[in-house]
Amino acid sequence: MIKRSLLLIIISLIAIQDTDSRLFIYGIYLIPILYFFYKLTKFRLNSYFYLFMTTSIIITFVIGLLDFTVTDASLSARYSNAHRYFDDFSLKNVFLPFINTHRLEAEGSLHNELLEIFSFFGFVIIYYYYLLRNMFCNVKNEYKLISYLLMFIILTGALIQINISNPYVGIMLGCTLAIITHSKKE
């Protein structure tokens with residue numbers, strides 16, 4: 001498994017070098033740190049899921065409620081979307097998030113999966129992430145580390161892009177989770 005994993009990491013590193021996805025590039029470089037964190041903490045996969053999810057939610061609120069100046073044009077646009085969404089947020093948006101002024105005026109994506117799903121479907125987002133948690137946490141024992149690493153990339157990546165509705169990410173993640181998932185129904 002170790003030799004195959006190292007080979008897969010090297011192939012992945014070579015494959016993503018020509019992409020503009022800093023999320024996946026930094027994710028590859030974070031693998032050793034994430035690996036040691038995983039080995040030192042030895043939490044259940046549910047705990048990691050909630051840790052990454054909570055971190056993403058908190059960062060989304062911080063980005064949305066505070067005005068950040070970022071020199072990177074891409075990140076600046078993403079932060080601006082979150083900030084403008086919360087700037088236009090009112091009590092009625094808690095129950096009807098899709099009538100938020102910025103959501104109605106925004107052309108295209110908010111570039112934040114949490115805000116994107118919530119702004120269209122409201123609290124259905126809880127069910128969506130419940131299903132996602134079940135997929136990540138119901139894996140065969142030998143694939144727990146892989147699930148943990150995928151979980152980190154997908155949940156922290158939700159801050160700056162729409163992962164699951166991105167066709168190539170959704171298909172690749174779905175196939176990977178189907179292979180490593182442990183189910184009583186085969």
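Residues numbered from 1 in each chain as written. Predicted model: local features only at pLDDT ≥ 70, side-chain atom pairs only at ≥ 80, totals over all residues. Heavy atoms only, no water.

**Student:** Whenever I open this one, a nonpolar patch on the surface confuses me. Can you help?
**Tutor:** Taken together, I57, I58, F61, V62, L65, L66 and F68 make up a surface patch of nonpolar side chains, about 620 Å² in accessible area. You can see I57 is positioned in helix α3 (residues 45-65). The exposure class of I57 is partly exposed, given its relative accessible area of 34%. (Patch = residues over 30% accessible without salt bridge, like charges linked within 9 Å, V, L, I, M, F, W, Y side chains within 5 Å. Areas by Shrake-Rupley, 256 points an atom, 1.4 Å probe, with all protein chains shown as cover. Salt bridge = Lys/Arg side-chain N within 4 Å of Asp/Glu carboxyl O. Helix = DSSP H or I, 4+ residues; strand = E, 2+ residues; numbered from the N terminus. Buried < 20%, exposed > 50% of the residue type's maximum accessible area, 1.4 Å probe, protein only.)

**Student:** Is there a simple way to think about the packing of aromatic side chains in this case?
**Tutor:** Aromatic rings in a pair are described by how distant their centres are and how their planes are angled relative to each other. Summed over the entire model, instances satisfying the criterion amount to 18 aromatic pairs. Measuring from ring centre to ring centre gives 5.6 Å for F118 and F123, while their planes differ by 75 degrees; the resulting arrangement is edge-to-face. The exposure class assigned to F118 is buried, which follows from its relative accessible area of 13%. According to the relative accessible area criterion, F123 is partly exposed, its value standing at 46%. Here Y127 and Y130 contribute two aromatic rings whose centre-to-centre distance is 6.2 Å and whose plane-to-plane angle is 25 degrees, an arrangement assigned as stacked. In this pair, Y127 and Y130 are both assigned in helix α8 (residues 124-137), 3 residues apart and thus about one turn of the helix distant. Among the aromatic side chains, those forming a connected cluster through ring pairs are F37, Y38, F43, Y48, F52, Y148 and F152. (Phe/Tyr/Trp six-rings, centres within 6.5 Å; stacked < 30°, edge-to-face > 60°.)

**Student:** Hey, could you run me through unusual backbone geometry in this one?
**Tutor:** With the exception of glycine, most residues fall at negative phi, and the peptide bonds are largely trans. Here the phi dihedral of K42 falls at roughly 50 degrees; this positive angle occurs in a residue that is not glycine. By the element assignment, K42 lies in the loop between α2 (22-41) and α3.

The values are spatial; any link to function lies outside them.
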